[in-house]
Amino acid sequence: MKNNIAQQRIWIVGASQGIGLELVKIWLKQGHQVLASARQAQQSSALTELKQQYGEQLQCLNVDVCDAQDCAIQAQRAWAAFTGLDMWFYNVGAYQPMTSEEWDWPAFVQMNQSNYLGAVALMLPLQKLFKAQGHGRWIWNASLAAYFGLPYGGGYSAPKAALVNLAEALQPELAVQNIDLQIINHGFVRTRLTEKNEFAMPGLLEPIEAAQQIAHALDRSTAFEIRFPWRLRIVLSLFRWIPYSWSLALTRKMLRS
Ligand SMILES: NC(=O)c1ccc[n+]([C@@H]2O[C@H](COP(=O)([O-])OP(=O)(O)OC[C@H]3O[C@@H](n4cnc5c(N)ncnc54)[C@H](OP(=O)(O)O)[C@@H]3O)[C@@H](O)[C@H]2O)c1
């Protein structure tokens, strides 16, 4: 049932607000069993409201992906919640733009843990469970920012690029175990992350629009990469294809005066 996620048991990590919360609403409406996680998922008023509406179809589980020990424990609980999982969606992200004057070690660590290592901490226990189950689907929400490092955003984009690179490396081995791994590289969405941006964001989407595009793409495609919007993707792809002397001359123009 690769192209059909009807009646799935889904664990989404990073579900209390923004794109993740909108995905939870879509999947509940579609009839899936959803386990929603964030650091304070059980205390989230938005998720509590949904739970009142959907009852047992929605479960909430607190997990802090910056804590590897917590990830190991909560992964087992997540597996038990619906007696197995069909899909694990890693949606956690942290973003702190910084100039060289603002470089801050804790911010780099938080972005590395949220955007990359948290997925690793969860996949270690989950892989054994999915492999024994014999099927499953992993979706990692990366970013179009992973395509090319842009001024002030490296603390965010570098671990996202690591996540994509890891997914490329793991995909063949997991496919043999009947675990489909897909990444999502999308553009700007109006959430608390992009609130920090002081520049105009081309192709900016509302969280519900991004969630609809993601859910729709997941329903119809098992392609390794899901990506949108196409205009921003083409522009950022160009940065990768042209010589560094050109791309870096262009990104230099993005520096604040
Ligand atoms: N917004 C954009 O323009 C954009 C663009 C490209 C890609 N993305 C990616 O899309 C995903 C969702 O982003 P968003 O904009 O919707 O962000 P958001 O509104 O900040 O939501 C992030 C979610 O992750 C959870 N979270 C954060 N730190 C966590 C931790 N240590 N442990 C567990 N959960 C944690 C948050 O809940 P708590 O804080 O309550 O724990 C929240 O539910 C991220 O991976 C982001 O990088 C976003």
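Predicted model only: the values in this text are computed from it and were never measured. (Residues numbered from 1 in each chain as written. Predicted model: local features only at pLDDT ≥ 70, side-chain atom pairs only at ≥ 80, totals over all residues.)

Novice: Help me understand the site of the ligand in this model?
Specialist: In the neighbourhood of the ligand, 28 residues make up the surrounding shell, with G14, G18, R39, G93 and T191 lying closest. Broken down by element, the residue count for the shell around the ligand peaks at three residues, all from helix α1 (residues 18-30). In the shell around the ligand, the residues fall into 11 nonpolar, 14 polar and three charged. (Near = placed C-beta within 6 Å. Helix = DSSP H or I, 4+ residues; strand = E, 2+ residues; numbered from the N terminus. Nonpolar A, V, L, I, M, F, W, Y, C, P; charged D, E, K, R; others polar.)

Novice: Before we go on, may I ask you to explain helix α5 (residues 154-176) in this structure?
Specialist: Residues spaced three or four apart along an α-helix point in a common direction, a consequence of the helix completing one turn every 3.6 residues. Taking 1.5 Å per residue, 23 residues should reach 33 Å; α5 reaches 34 Å between its end C-alpha atoms and fits that length. At L170, α5 is deflected by roughly 40°, the largest bend along its length, and proline P172 occurs up to four residues later in sequence. (Expected span 1.5 Å × (residues − 1). Bend = angle between axes of the 7 residues up to and from the residue.)

Novice: Even after reading the chapter, I still don't get the packing of α1 against helix α6 (residues 207-220), so can you show me in this structure?
Specialist: Viewed as axis vectors pointing N to C, α1 and α6 meet at an angle of 55°, and their least axial separation amounts to 8 Å. Considering the angle they form, α1 stands oblique to α6. Between α1 and α6 the crossing geometry is right-handed. Between α1 and α6, the contacting residues are G18, I19, E22, L23, I26 and W27 on the first element and P207, I208, A210, A211, Q212, I214 and A215 on the second. (Axes fitted to C-alpha atoms, helices over the stretch in contact; angles between N-to-C directions. Parallel < 35°, antiparallel > 145°, perpendicular 65-115°, else oblique. Left-handed = near helix turned anticlockwise from the far one by under 90°. Contact = placed C-beta atoms within 7 Å.)

Novice: Before we go on, may I ask you to explain the pairing of strand β2 (residues 33-38) in this structure?
Specialist: Of all six residues that make up β2, six are buried, and the element is covered over most of its length. In β2, alternate side chains face the same way, and those of Q33, L35 and S37 on one face and V34, A36 and A38 on the other are all buried. Of the pairings in the sheet, the one linking strand β1 (residues 9-13) to β2 comprises five bridges and is parallel in character. Its bridge partner being in β2, R9 is matched across the sheet by Q33. Taken together, β1, α1 and β2 constitute a β-α-β crossover, and its handedness is right-handed. As paired strands, β2 and strand β3 (residues 58-62) are joined by five bridges and run parallel to one another. (Buried ≥ 20, exposed ≤ 12 C-beta atoms within 10 Å, placed from the backbone. Pairing = 2+ DSSP bridges. Right-handed = clockwise from strand over helix to strand, strands pointing away.)

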